[in-house]
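Observations on the three-dimensional arrangement
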Amino acid sequence: MKKILPLLFGMLILLVGCSNKEKNYNVYTGKDLKIGVIGTIPAIREENIIFQKITFEDLKNNTEYLSKELDAIMIMKEFLSEAADDQYVLSYKTLKVPIFFMQSTKAHVPFVNEGVQYDEVIDIQPSSYATGFLYLGTERI
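Before going into details, it helps to say that this report is about the structure given with it.

Rules behind the numbers
Residues numbered from 1 in each chain as written. Predicted model: local features only at pLDDT ≥ 70, side-chain atom pairs only at ≥ 80, totals over all residues. Heavy atoms only, no water. Pairing = 2+ DSSP bridges. Helix = DSSP H or I, 4+ residues; strand = E, 2+ residues; numbered from the N terminus. Axes fitted to C-alpha atoms, helices over the stretch in contact; angles between N-to-C directions. Core = buried A, V, L, I, M, F, W, Y, C linked by side-chain atoms within 4.5 Å. Buried < 20%, exposed > 50% of the residue type's maximum accessible area, 1.4 Å probe, protein only. Contact = heavy atoms within 4.5 Å.

Next up on the list: the sheet that holds strand 5 (residues 130–133). An order of 2-1-3-4-5 is seen for the 5 strands of this open sheet, with the pairing classed as mixed. What marks the edges here is a single partner per strand, and that holds for strand 2 (49–53) and strand 5. On average, each strand axis in the sheet is inclined to that of its neighbour by 25°, with strand direction left out of account. As paired strands, strand 3 (residues 72–75) and strand 4 (residues 99–102) are joined by 3 bridges and run parallel to one another. Its bridge partner being in strand 4, Ile75 is matched across the sheet by Phe101.

Right, here's the structure in full:
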């Protein structure tokens, strides 16, 4: 009995510690942000983040404008395969704001390398919610 009591107490602590309580996440309180989104605009609590719908056509033809007007760009999961098309590689490298590929299991690899299709790249583990990319103009030799 003396050995079982500490074991039961330890299990109780583990169960309480693993309960499914709502987490108290911090709310963004920094400067106002304007984020371009290709796909479904996410629901958020913050009032100082403005989402603007953009298209792949905007991304391809207006990188200078997007770089001046937006703080970042997000491409949502449902458009990742299209985002990996070779015609957008130069756009990703020309943007002066970060671009986030939401729920990509492939990191940034299929988006910034020509000749690589999204489905051809192996999944990266552990996966992350967002993969960010900002080209700084440095090439490996």
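So, about the nonpolar core. Among the nonpolar cores identified, the biggest contains 20 residues, and Leu59, Ile73, Ile75, Tyr92 and Ile99 are the most heavily contacted of them. At the level of elements, helix 2 (56–61), strand 3, helix 4 (80–83), strand 4 and helix 6 (109–112) are the ones that each hand at least two residues to this core. Ignoring anything within four residues of it in the chain, the contact list for Tyr92 reads Phe56, Leu59, Ile75, Ala83, Ile99, Phe101, Phe111, Val112, Phe133 and Tyr135. By size, the runner-up hydrophobic cluster in this structure holds 9 residues, among which are Ile35, Met74, Met76 and Met102.

To continue, consider the pairing of strand 1 (residues 33–38). Most of strand 1 sits inside the fold, with 5 of its 6 residues counted as buried. Alignment of strand 1 against strand 2, held across 5 bridges, turns out to be parallel. By the bridge assignment, Ile35 is partnered in strand 2 with Phe51. As defined by bridge partners, strand 1 adjoins strand 3 across 4 bridges and the pair is classed as parallel. Counterpart to Ile38 in the pairing with strand 3 is Ile75.

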